[in-house]
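So you can see what is in the structure, the chains are spelled out below.
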Amino acid sequence: MLQLNRFAKHFSNYTELRMQENKNMSIRFLNSNLVENEKKSTSGVSSRVFNSGSWGFASNPEINDVSIIETIKLANENAQFLSRKCKKSNKIYEGPAFTHSLDLGTDKNRISQKGMMNFVKEIDNYIEKKFTDLITRTVLLNFLGMDKTILTSVGSAKHSLWPRTMIIVKLGVDKNGEPISAYELFGGRGHFEDLFSKPSDLFEDIDKLYTHLKNKSEGVYAEAGEKEVILDADLAGILAHEAIGHTTEADIVLGGSIAADYIDKKVSSSLITLTDYAHSYNGVLCPTPIYVDDEGTKAEDVVIIEDGILKEFMHNKETAATFDTIAKGNARAYQYFDEPLVRMRNTAIQPGKSKLKDMIASIEDGYYFMRSGNGQADSTSEFMFAVTVGYEIKNGKLARGIRDTTIAGLAFDVLKSATMVSDDMVWGCGGMCGKKQIIPVGMGGPAIKCRINVGGK
Amino acid sequence: MANNEAVNKTMKLLSEAKLEKYQVISNKSKNTEMVVERGEISLLRTTTDVNLQITAVNKNKKARINTNKTDDSAIEEAIKNVQELLETSEVDEAYDISPFQETKQFESGDKEPSKEDMYNLITRFIEAVKLEYPKLNISESSLTFNFAEVNLVNSNGVKYLQTKGIYSFYVVFTAKDGNKVSSMNFASFSMGNLEKDLLDTATLRTLIKENIEQLKTKPINEKFVGDVLITPDYLGELIDAFAAIGLSDGSIISETSVLKDSIGETIASSKLTIHSNPRSKHICDGYSITADGFEARDLTILENGVLKSHLLGLYGAKKTGRERAENSGGAYIVDAGDISYNDIIKKVKKGILLARFSGGSPSSNGDVSGVAKNSYYIEDGKVQYPISETMIAGNIYDMFKNIKEISSEQVNFGKTIMPWILTSGVTISGK
């Protein structure tokens, strides 16, 4: 922060100055073959300037006094180019200055590259020896670290170091000539040393993954049509993020989202309260904790739906001014050369009071969807998620596994159909949201009982 | 440091490190982007970046480092890191770099953009939309010029230089009328120059017109197995999925590809021919060199339904003992058929026009299901109405086998050239 303060004298309009380094590392074994063994580092400086209603942005991979001053100058020239062409009345919410530092790096002794490679190999060896009928297996260790230092002309400043380490295990079997697969993620926020102790800690969950895979391969295709289902936390989280979250990002609202007309209206069952948490839930850090965003705004929780009523949208400085409200820290950028966009942070439905076993017992003929693949949503709130692990529910009991399927619907209608919400809360560890840029996000929640369209055969 | 200086310095240090085989790629790029938000140009963004990639193979072990710093100390650290990764790597005889090929330079496109021309082109687009399609909201859009200089050098004497300037445009839009909102749609394409109005490029005007029609949609109140007329906008995505599950390194090495032993076999309708032509003069956004160090050449993947080539890179080819593909895929061109789009519609008894698909990644066996977006119901040879909440389930391989017609019209998106194709046997289920 002190480093950047030296450049504040070069700010002439509203200005953001950011230094950032992203680090990536990946080790991937595919059927015993090491197909990926890579490290990547991307760092640089960027500046964004607001002048007469227009933004200018510039970035440079070199970080030194000259490049930083040049970057600020170029961002100013870019803003001037647009403001000369067209004077606009757009304003921005400047908000109070806020300073914060967050270092989530490990305090432990770092494990060597060889140590991590051996860890992954041991998992791969375990799978190879124990499950001999697999036709394919992938074990991937993936690290992402983001180190940001920001100064704004308002006086906000931050330094944050956020690491995430994941191990992803994907298994595949052959069923009558058809490859069937399933995957599981381990890890989350933190360095390797804070998350993984010994490979055998993962074995029990890998065994469970194999069981799901076998059930899936012996299972059936889901029946197409509207069904009564239970969405487990993984799917409830993606529903909260993709289908509701995106439609309530203020830039999407201004772009025509259906949620524009829903503020203070009932949009879901009163069992549903949905929040984009800034950094903590019940006093515990969320997967992607944000205390100050990349526009220098202090981050606070955004309660999107409260007891079924749509309450708030998520804003950056510009949309907050347009809506005559305050920003709560939703503006984030992925790489140093990216401009901040309105992004979710940690989006989840709050737990209810039901027990998962009672929810399953209450369904005569439906499905229990446990693990999602990818998901997409629309400005109309129509969404689609892939389901990669799930089971039939017959007469209140779990029955046969199901093959890959897709669920879809209008999110607000689906949430209106919610009749039970479980009392547990599970955060997903591997969220990565795609908009113009990708960005790591947290998503999670309880299990939800609702009605949904299933795209089976 | 200049791009070639950084590469030369890196090669010298790698040689001094006495590694057996190595490849260095330096990609220096400059982007100029104009971003449109809510119907006006909101941001001008200029960025520069460089990526120095070092790949080393030593004692049949392989490692790779990427950094965006090219000063002496950064290069020295990158080489130290690659040596450390090599130590921890696994022995695999399939690791290799490309053999000697003749030194070549490839150039395409402008070197610098005209900001004025970019501004004028995108302003004309915004104004035309406001005038001709007032119900349309441009949610997000950008016009970008990217200039990239790629140096690829390896220890077998390969030296390639590729410079490319390309304009690209994308736009996301929805229509709004009172409290009615259409499903969002998007268009993206690449251009070698700024001569043509954006609204008249690729299928953009059609997609916008249709999006306004889609303010009023109806669900299909039944489930049936019918025809699907796939638009050029979605066909490119379908071919990408086909390549990923059936032709790529990963799918062949893991043996999950059902096409792993199908070279020379008929796997699709005889009407279907797919090329991957990154060097075609008709593809402005192609490429001339592959990441594994070869000059890219055009190839035919599927000829009259017969599989001609996988898309194996150097590692995949050596690992599986199969033939390396002449390029890295992409730049797909599907040959035109001999019947017009209008005449294809007339042949559809019952089905949908599939303009966009929101679905899960296809399974290895080709199964795919999801929602038909921005699509239309077709019955008795006529497009009837825009649909909503309609799910489809099918199999990519079956879709290619069941092709009934391919249109004589093609659309050039700069990166791909696609016709409309009519296929059948897809489960279509309404609410």
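Nothing here was measured: the structure is a model prediction, and the numbers come from that model.

**Notes on the overall build of chain A**
- Along the backbone of chain A there are ten helices and 26 strands.
- Against the globule reference of 23 Å for 457 residues, chain A gives a C-alpha radius of gyration of 23 Å, in line with a compact fold.
- Principal-axis analysis of the C-alpha atoms gives chain A an extent of 70 × 55 × 40 Å.
- Expressed as a percentage of the 457 residues in chain A, the buried residues total 61%.
- Counted over contacts in chain A with a minimum sequence separation of 6, partners at least 24 positions apart contribute 75%.
- Surface summary for chain A: the accessible area is close to 16,400 Å², and the carbon and sulfur share equals 48%.

**Digging into the overall build of chain B**
- The helix and strand inventory of chain B stands at nine helices and 21 strands.
- A globule of 431 residues ought to have a C-alpha radius of gyration of about 22 Å, and chain B, at 24 Å, matches this closely.
- With 431 residues in all, chain B has 62% of them scored as buried.
- A separation of at least 24 residues holds for 72% of the contacts in chain B among residues at least 6 apart in sequence.
- Of the accessible surface of chain B, which amounts to about 16,700 Å², a share of 45% is contributed by carbon and sulfur atoms.
- Charged side chains in chain B number 51 positive and 59 negative. The centres of these two groups are separated by 3 Å.

**Structural notes on the pattern of salt bridges**
Residues and elements named next belong to chain B.
- Per the counting criterion, the structure on display carries 69 salt bridges over all chains.
- K350 is the salt-bridge partner of E222, the closest N and O atoms lying 2.6 Å from each other. With E222 in the loop between helix 4 (204-213) and strand 9 (223-230) and K350 in strand 14 (residues 350-354), this pair connects stretches of sequence that are 128 residues apart.
- In this structure, D285 and K415 form a salt bridge, with 3.9 Å as the shortest nitrogen-oxygen distance.

**Quick look at the interface of chain A and chain B**
- Every contact between the two is made by 78 residues of chain A and, on the other side, 77 residues of chain B.
- Between chain A and chain B lies a buried interface of about 6,200 Å² when both sides are counted; carbon and sulfur atoms form 48% of it.
- Applying the counting criterion to the chain A and chain B interface returns twelve salt bridges.
- Top element by residues in the side of chain A that touches chain B is strand 2 (residues 33-51) of chain A. It accounts for eleven residues.
- For the side of chain A that touches chain B, the residue count by class is 30 nonpolar, 28 polar and 20 charged.
- Relative to strand 3 (residues 61-67) of chain B, strand 2 of chain A runs parallel, the two being bridged by four bridges. Residue pairing for strand 3 of chain B: A:K39 is matched across the bridge by B:I65.

**Brief notes about unusual backbone geometry**
All names here are of chain A.
- Unusually for a residue other than glycine, D264 sits at a positive phi of about 65°.
- Take D264: it is sitting in the loop between helix 7 (250-254) and strand 9 (274-277).
- The class for D264 is exposed, based on a relative accessible area of 54%.

**Examining helix 2 (residues 65-85) of chain A**
Residues and elements named next belong to chain A.
- A rise of 1.5 Å per residue sets the reference length of helix 2, with its 21 residues, at 30 Å; its end C-alpha atoms lie 31 Å apart and thus fit the reference within 8%.
- Every buried residue belonging to helix 2 is among S67, I68, T71, I72, A75, N76, N78, A79, F81, L82 and S83, and all of these are buried.
- With a side-chain oxygen positioned 3.1 Å from the backbone nitrogen of V66, the residue opening helix 2 is N64.

**Digging into the domain arrangement of chain B**
Residues and elements named next belong to chain B.
- As far as domains go, chain B holds domain 1 (3-213) and domain 2 (217-431).
- Computed from C-alpha atoms alone, the centre-to-centre distance between domain 1 and domain 2 is 24 Å.
- Listed per partner, the contact involves 35 residues of domain 1 and 29 residues of domain 2.
- Of the roughly 2,600 Å² buried at the junction of domain 1 and domain 2 (both faces included), carbon and sulfur atoms supply 52%.
- In this structure, the connection of domain 1 to domain 2 is made through four salt bridges.
- Put simply, D92 and K319 hold a salt bridge, and the shortest N to O gap is 3.2 Å.
- Taken together, the links from domain 1 to domain 2 amount to 19 residue pairs in polar contact (both at pLDDT 80 or more).
- When contributions to the side of domain 1 that touches domain 2 are tallied by element, the ones reaching two or more residues are strand 1 (21-37), strand 4 (104-108), strand 5 (136-154), strand 6 (159-177), strand 8 (185-191) and helix 4.
- With six residues, strand 8 is the single largest residue contributor to the side of domain 1 that touches domain 2.

**Here we look at the pairing of strand 1 of chain B**
Residues and elements named next belong to chain B.
- Burial runs high along strand 1: twelve of the 17 residues are buried.
- As paired strands, strand 1 and strand 2 (residues 40-58) are joined by 17 bridges and run antiparallel to one another. The residue bridging S26 from the neighbouring strand is L52, located in strand 2.
- Alignment of strand 1 against strand 5, held across 15 bridges, turns out to be antiparallel. Following the sheet pairing, Q23 is matched in strand 5 by N154.

**A word on the packing of aromatic side chains**
- Inspection of the entire model under this criterion finds 28 aromatic pairs over all chains.
- Centre to centre, the rings of A:F50 and A:W55 are 4.7 Å apart; their planes meet at 55°, and the pair counts as tilted.
- Since its relative accessible area comes to 2%, A:W55 is described here as buried.
- Judged by centre distance (5.0 Å) and plane angle (80°), the ring pair of A:Y336 and A:F337 falls under edge-to-face.
- Members of the aromatic cluster, each reached through a chain of ring pairs, are A:Y126, A:F131, A:F203 and A:Y210.
- A cation over an aromatic ring shows up here: B:K218 above the ring of B:Y385, its NZ or CZ 4.3 Å from the ring centre.
- The lysine or arginine in question, B:K350, covers the ring of B:F224, its NZ or CZ lying 4.8 Å from the ring centre.

**Side note on the packing of helix 1 (residues 3-16) of chain B against helix 2 (residues 72-88) of chain B**
Residue and element names in this part refer to chain B.
- For the pair helix 1 and helix 2, interaxial distance at closest approach is 10 Å and the crossing angle is 40°. The angle between the axes of helix 1 and helix 2 places the two elements in the oblique class. In the crossing of helix 1 with helix 2, the sense of the turn from one axis to the other is right-handed. Facing A6, K9, T10, L13 and L14 of helix 1, the residues of helix 2 in contact are D72, I75, E76 and I79.
- Considered class by class, the residues forming the contact of helix 1 with helix 2 number five nonpolar, one polar and three charged.

**Quick notes on the domain arrangement of chain A**
All names here are of chain A.
- Here the domain parsing of chain A yields domain 1 (2-217) and domain 2 (225-454).
- Each of domain 1 and domain 2 has a C-alpha centre, and these two points are 21 Å apart.
- Facing the 52 residues of domain 1 at the interface are 45 residues of domain 2.
- Between domain 1 and domain 2, roughly 3,900 Å² of surface is buried when both sides are summed, and carbon and sulfur atoms account for 54% of that area.
- One can count six salt bridges joining domain 1 with domain 2.
- Among the ionic pairs, E178 bridges to R403, the shortest N-O distance being 3.2 Å.
- Between domain 1 and domain 2 we count 30 residue pairs in polar contact (both at pLDDT 80 or more) in total.

**Observations concerning the pairing of strand 25 (residues 442-445) of chain A**
Residue and element names in this part refer to chain A.
- Side chains G442 and G444 project from strand 25 onto one buried face, and the interleaved M443 and G445 project onto a second face that is buried too.
- Relative to strand 25, strand 16 (residues 346-349) runs parallel, the two being bridged by three bridges. Residue pairing in the sheet places A348 in a bridge with G444 of strand 25.
- Strand direction decides the pairing type here: strand 22 (residues 426-427) and strand 25, joined by two bridges, are antiparallel. Counted as the bridge partner of W427 is G444 from strand 25.

**Brief notes about the nonpolar core**
- Residues B:F125, B:F169, B:L204 and B:F400 are the most contacted members of the largest nonpolar core, which totals 93 residues.
- No fewer than three residues from each of domain 1 (3-213) and domain 2 (217-431) of chain B sit in this core.
- Excluding anything up to four places from it in sequence, B:F400 contacts B:L238, B:I239, B:F242, B:A268, B:S269, B:L272 and B:I274.
- Among the nonpolar cores identified, the runner-up in size contains 56 residues, and A:A243, A:I304, A:V414 and A:I439 belong to it.

Conventions used here
- Residues numbered from 1 in each chain as written.
- Chains lettered and ligands numbered in written order.
- Predicted model: local features only at pLDDT ≥ 70, side-chain atom pairs only at ≥ 80, totals over all residues.
- Heavy atoms only, no water.
- Helix = DSSP H or I, 4+ residues; strand = E, 2+ residues; numbered from the N terminus.
- Rg over C-alpha atoms; globule rule 2.2 N^0.38 Å.
- Buried < 20%, exposed > 50% of the residue type's maximum accessible area, 1.4 Å probe, protein only.
- Contact = heavy atoms within 4.5 Å.
- Areas by Shrake-Rupley, 256 points an atom, 1.4 Å probe, with all protein chains shown as cover.
- Lys, Arg positive; Asp, Glu negative; His and termini not counted.
- Charge placed at Lys NZ, Arg CZ, Asp CG, Glu CD.
- Salt bridge = Lys/Arg side-chain N within 4 Å of Asp/Glu carboxyl O.
- Buried area = accessible area lost by both parts, 1.4 Å probe.
- Nonpolar A, V, L, I, M, F, W, Y, C, P; charged D, E, K, R; others polar.
- Pairing = 2+ DSSP bridges.
- Expected span 1.5 Å × (residues − 1).
- Polar contact = N/O pair within 3.5 Å; in protein donor to acceptor, adjacent residues only side chain to side chain.
- Domains from an automatic or database assignment.
- Phe/Tyr/Trp six-rings, centres within 6.5 Å; stacked < 30°, edge-to-face > 60°.
- Lys NZ or Arg CZ within 6 Å of the ring centre and 35° of its normal.
- Axes fitted to C-alpha atoms, helices over the stretch in contact; angles between N-to-C directions.
- Parallel < 35°, antiparallel > 145°, perpendicular 65-115°, else oblique.
- Left-handed = near helix turned anticlockwise from the far one by under 90°.
- Core = buried A, V, L, I, M, F, W, Y, C linked by side-chain atoms within 4.5 Å.

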